[in-house]
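Overview (structure and organization)
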Amino acid sequence: MRAVIQRVKEAEVMVANQSISKIGPGLLVFVAFSRADQRLLDEPAPIQRFAERIVKLRIFEDQAGKMNLSLQDIGGQVLLVSEFTLYAELAGGHRPSFTEALTKSEAEKLYQALASSLQAYNVVVATGQFGAKMLVRLINDGPVTIILGN
């Protein structure tokens, strides 16, 4: 499981020129699952820990300007977007290979489990459309970008 997390002022997902999800201040989380994550289909605890790490990341500024506050502290929102390309492998040349990415049907189950786990922390969670061609708009805050996972 791998995520690229961006602190945003706002973010939006569009599919077929229509807005399907939008958030205000919070985190835009691009997430992907590898074939090694297949075991998580029967073992939800790692997904729950991953959600906890996202929600409790202290990457928002306090009054002193230090990154000391979490998503929960600021009442922020999450926009969760699937992105299998996070497991692109370029060792063989210039064209990426995605053989390490989990199959679409299994990855979608883990994606939904992660969304549910995030919501369990009383955080507003918006999602992209799994497997769709999406346009993602964002206003990056910082910028602050964190890579989480393997």
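First things first, this report covers the structure right here in the doc. (Residues numbered from 1 in each chain as written. Predicted model: local features only at pLDDT ≥ 70, side-chain atom pairs only at ≥ 80, totals over all residues. Heavy atoms only, no water.)

**Concerning the nonpolar core**
Under the convention used in this document: Buried Ala, Val, Leu, Ile, Met, Phe, Trp, Tyr and Cys residues that are joined via side-chain atoms within 4.5 Å together make up what is termed a nonpolar core. The rule is simple: take the accessible area with a 1.4 Å probe, protein chains only, and divide by the maximum for that residue type; under 20% is buried, over 50% is exposed, in between is partly exposed. Strands are runs of DSSP state E lasting at least two residues, helices are runs of H or I lasting at least four, and both sets are numbered from the N terminus onward. Residue contacts are defined here by distance: any two heavy atoms, one from each residue, within 4.5 Å place the two residues in contact.
One finds Phe-33, Leu-80 and Leu-118 to be the most contacted residues of the largest nonpolar core, which totals 31 residues. Elements with a minimum of two residues in this core: strand S1 (2-15), strand S3 (26-32), helix H1 (45-56), strand S6 (77-82), helix H3 (104-119) and strand S8 (135-149). For this core, the element with the highest residue contribution is H3, accounting for six residues. Contact partners of Leu-80, with chain neighbours within four places excluded, come to Val-29, Val-31, Tyr-111, Leu-114, Ala-115, Leu-118, Ala-126, Thr-127 and Gly-128. If you look at the next biggest cluster of nonpolar residues, it comprises 16 residues, including Val-13, Val-81, Leu-86 and Ala-126.

**Some points on the pairing of S6**
Regular strands place side chains that alternate from one sheet face to the opposite one. Where we set the bar: The criterion for strand pairing is that DSSP finds at least two bridges linking the strands in question. For crossovers, right-handed means that the path from the first strand over the helix to the second runs clockwise, given strands pointing away from the viewer.
Counting buried positions along S6 gives five out of six residues, so the element sits mostly inside the fold. Bridge analysis of S6 against strand S7 (residues 124-127) gives four bridges, and the strand direction is parallel. Note on S7: the bridge partner recorded for Gln-77 is Val-124. For the crossover that starts at S6, traverses H3 and ends in the parallel S7, the hand is right-handed.

**Here we look at the packing of H1 against H3**
Put simply, the rule reads: To obtain an axis, a line is fitted to C-alpha atoms, over the contacting stretch when the element is a helix, and the angle between two such axes runs from 0 to 180 degrees between their N-to-C directions. Throughout, the term roughly parallel applies to angles under 35 degrees, roughly antiparallel to angles over 145, roughly perpendicular to angles from 65 to 115, and oblique to all others. By definition, any crossing whose near helix is turned counterclockwise from its far helix by less than a right angle is left-handed, and any crossing with a clockwise turn is right-handed. Classification used: nonpolar for Ala, Val, Leu, Ile, Met, Phe, Trp, Tyr, Cys and Pro, charged for Asp, Glu, Lys and Arg, polar for all others including Gly.
Put simply, H1 and H3 touch, their axes get as near as 9 Å, and they point 50° apart. Considering their axes alone, H1 and H3 lie oblique with respect to each other. Here H1 runs over H3; the crossing is right-handed. Residues Ile-47, Gln-48, Phe-50, Ala-51, Ile-54 and Val-55 of H1 form the contact with H3, whose participating residues are Leu-110, Ala-113, Leu-114, Ser-117 and Leu-118. Among the residues forming the contact of H1 with H3, the class breakdown is nine nonpolar, two polar and no charged.

**Topic: the pattern of salt bridges**
Heads up, the condition is: In the sections that follow, a salt bridge refers to a side-chain nitrogen of Lys or Arg positioned within 4 Å of a carboxyl oxygen of Asp or Glu.
Applying the stated criterion to the full structure yields six salt bridges. A salt bridge links Arg-7 to Glu-61; the shortest N-O distance between them is 3.9 Å. With Arg-7 in strand S1 and Glu-61 in strand S4 (residues 60-61), this pair connects stretches of sequence that are 54 residues apart. Note on Arg-7: relative accessible area 3%, which makes it buried. Among the residues examined, Glu-61 registers a relative accessible area of 47% and is labelled partly exposed. Here Arg-35 ties to Glu-100 by a salt bridge, and the two come within 3.2 Å at their closest N and O atoms. Of this pair, Arg-35 sits in the loop between S3 and H1 while Glu-100 sits in the loop between S6 and H3, and the two are 65 residues apart along the sequence. Among the residues examined, Glu-100 registers a relative accessible area of 38% and is labelled partly exposed. When salt bridges with common partners are traced through the structure, they connect Arg-7, Lys-9, Glu-61 and Asp-141 into a single cluster.

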